[in-house]
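The residues making up each chain are set out below.
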Amino acid sequence: MFLFVYLMICLSELKLRRKWEKERPEVLVFRMWLYPYLPAAVTIVIAAVLISMLFRSDLRIELLQGLAVWAILSIIHFATRRRQQTPSVGDDVGEVNAGAASALDRQPQQRRSPR
């Protein structure tokens, strides 16, 4: 199961880092070693290990259970994502709240002195 987690981390690194380098470079405070070669190589190795698990009878059940859990979680993710993207009556309230939150983020933080 951990292989699926590490695979998603590598795929996210490959996709999101490229996107953030273009759109929001200030977000990237940690430099990834050997990017994009290292995440791509690790992705290939993890995929090879998962494929090899398919051919070993003692590991096949673990792979199939992991794929089943991954499929169920993906279905739940896309179902809830679609529901969140559907506009509702209260959307304008959410925009006002988001605007207020971003205004608060821009205000300088005041330190409290210890009493």
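Residues numbered from 1 in each chain as written. Predicted model: local features only at pLDDT ≥ 70, side-chain atom pairs only at ≥ 80, totals over all residues. Heavy atoms only, no water.

### A short note on the packing of helix 2 (residues 37-55) against helix 3 (residues 57-85)
Two measures define how a pair of helices packs: the angle their axes make with one another and the distance between the axes. For the pair helix 2 and helix 3, interaxial distance at closest approach is 6 Å and the crossing angle is 120°. Overall, the two elements helix 2 and helix 3 adopt an arrangement that is oblique. Regarding helix 2 and helix 3, the two cross each other, and that crossing is left-handed. When helix 2 is examined against helix 3, the residues Leu50, Met53, Leu54 and Phe55 are found in contact with a partner set consisting of Ser57, Leu59, Arg60, Glu62 and Leu63. In terms of residue class, the contact of helix 2 with helix 3 is built from 6 nonpolar, 1 polar and 2 charged. (Axes fitted to C-alpha atoms, helices over the stretch in contact; angles between N-to-C directions. Helix = DSSP H or I, 4+ residues; strand = E, 2+ residues; numbered from the N terminus. Parallel < 35°, antiparallel > 145°, perpendicular 65-115°, else oblique. Left-handed = near helix turned anticlockwise from the far one by under 90°. Contact = heavy atoms within 4.5 Å. Nonpolar A, V, L, I, M, F, W, Y, C, P; charged D, E, K, R; others polar.)

### Details of a nonpolar patch on the surface
Together, Met8, Leu11, Ile51, Leu54, Phe55, Leu64, Leu67 and Trp70 make up an exposed nonpolar region whose accessible area comes to about 760 Å². Put simply, the parts of the chain that give the nonpolar patch at least two residues each are helix 1 (2-23), helix 2 and helix 3. By the secondary structure assignment, Trp70 is in helix 3. (Patch = residues over 30% accessible without salt bridge, like charges linked within 9 Å, V, L, I, M, F, W, Y side chains within 5 Å. Areas by Shrake-Rupley, 256 points an atom, 1.4 Å probe, with all protein chains shown as cover. Salt bridge = Lys/Arg side-chain N within 4 Å of Asp/Glu carboxyl O.)

### Comments concerning the nonpolar core
Counting 6 residues, the largest nonpolar core is built from Phe4, Leu7, Ile46, Leu50, Met53 and Leu63. Of all the secondary structure elements, the ones that give two or more residues to this core are helix 1 and helix 2. Looking at this core, the element that brings in the most residues is helix 2, giving 3 residues. Contact partners of Met53, with chain neighbours within four places excluded, come to Leu3, Leu59, Arg60, Glu62 and Leu63. (Core = buried A, V, L, I, M, F, W, Y, C linked by side-chain atoms within 4.5 Å. Buried < 20%, exposed > 50% of the residue type's maximum accessible area, 1.4 Å probe, protein only.)

### What about a positive patch on the surface?
A cluster of basic residues, Lys15, Lys19, Arg24 and Arg81, forms a positive patch at the surface. With a relative accessible area of 62%, Lys15 lands in the exposed category. (Lys, Arg positive; Asp, Glu negative; His and termini not counted. Charge placed at Lys NZ, Arg CZ, Asp CG, Glu CD.)

### Here's the deal with the environment of Met32
Position of Met32 among the secondary structure elements: in the loop between helix 1 and helix 2. Sequence separation between Met32 and Glu13 is 19 residues; the distance between their C-alpha atoms is 9.0 Å. Apart from the residues within four sequence positions on either side, Met32 is in contact with Glu13, Arg17, Leu38 and Pro39.

### Looking at the packing of aromatic side chains
Counting across every chain of the model gives 0 aromatic pairs. Above the ring of Tyr35, the side-chain terminus of Arg17 is found at 5.9 Å from the ring centroid. (Phe/Tyr/Trp six-rings, centres within 6.5 Å; stacked < 30°, edge-to-face > 60°. Lys NZ or Arg CZ within 6 Å of the ring centre and 35° of its normal.)

### Some remarks on the confidence of the model for the chain
Residue-level pLDDT values for the chain average 81, and 74% of them are 70 or greater. Per-element averaging of pLDDT across the chain places helix 4 (residues 91-106) at the bottom with 48 and helix 2 at the top with 95. (pLDDT = per-residue confidence, 0-100.)

### Digging into helix 1
Taking 1.5 Å per residue as the helical rise, helix 1 with its 22 residues ought to reach 32 Å, and the 31 Å between its terminal C-alpha atoms agrees with that figure. On its buried face, helix 1 is in contact with helix 2 and helix 3. (Expected span 1.5 Å × (residues − 1).)

### Things to note about the pattern of salt bridges
Counted under the stated rule, the structure contains 3 salt bridges. With its nearest N and O atoms 3.9 Å apart, the salt bridge here joins Glu13 to Arg17. Of this pair, Glu13 and Arg17 both sit in helix 1, 4 residues apart, which is roughly one turn of the helix. A relative accessible area of 9% means that Arg17 is categorised as buried. Note that Glu21 and Arg17 form a salt bridge whose closest N and O atoms lie 3.9 Å from each other. In this pair, Glu21 and Arg17 are both assigned in helix 1, 4 residues apart and thus about one turn of the helix distant. Residue Glu21 is classed as partly exposed on the basis of its relative accessible area, which comes to 39%. Ionic contacts of the salt-bridge type, sharing partners, join the residues Glu13, Arg17 and Glu21 into one network.

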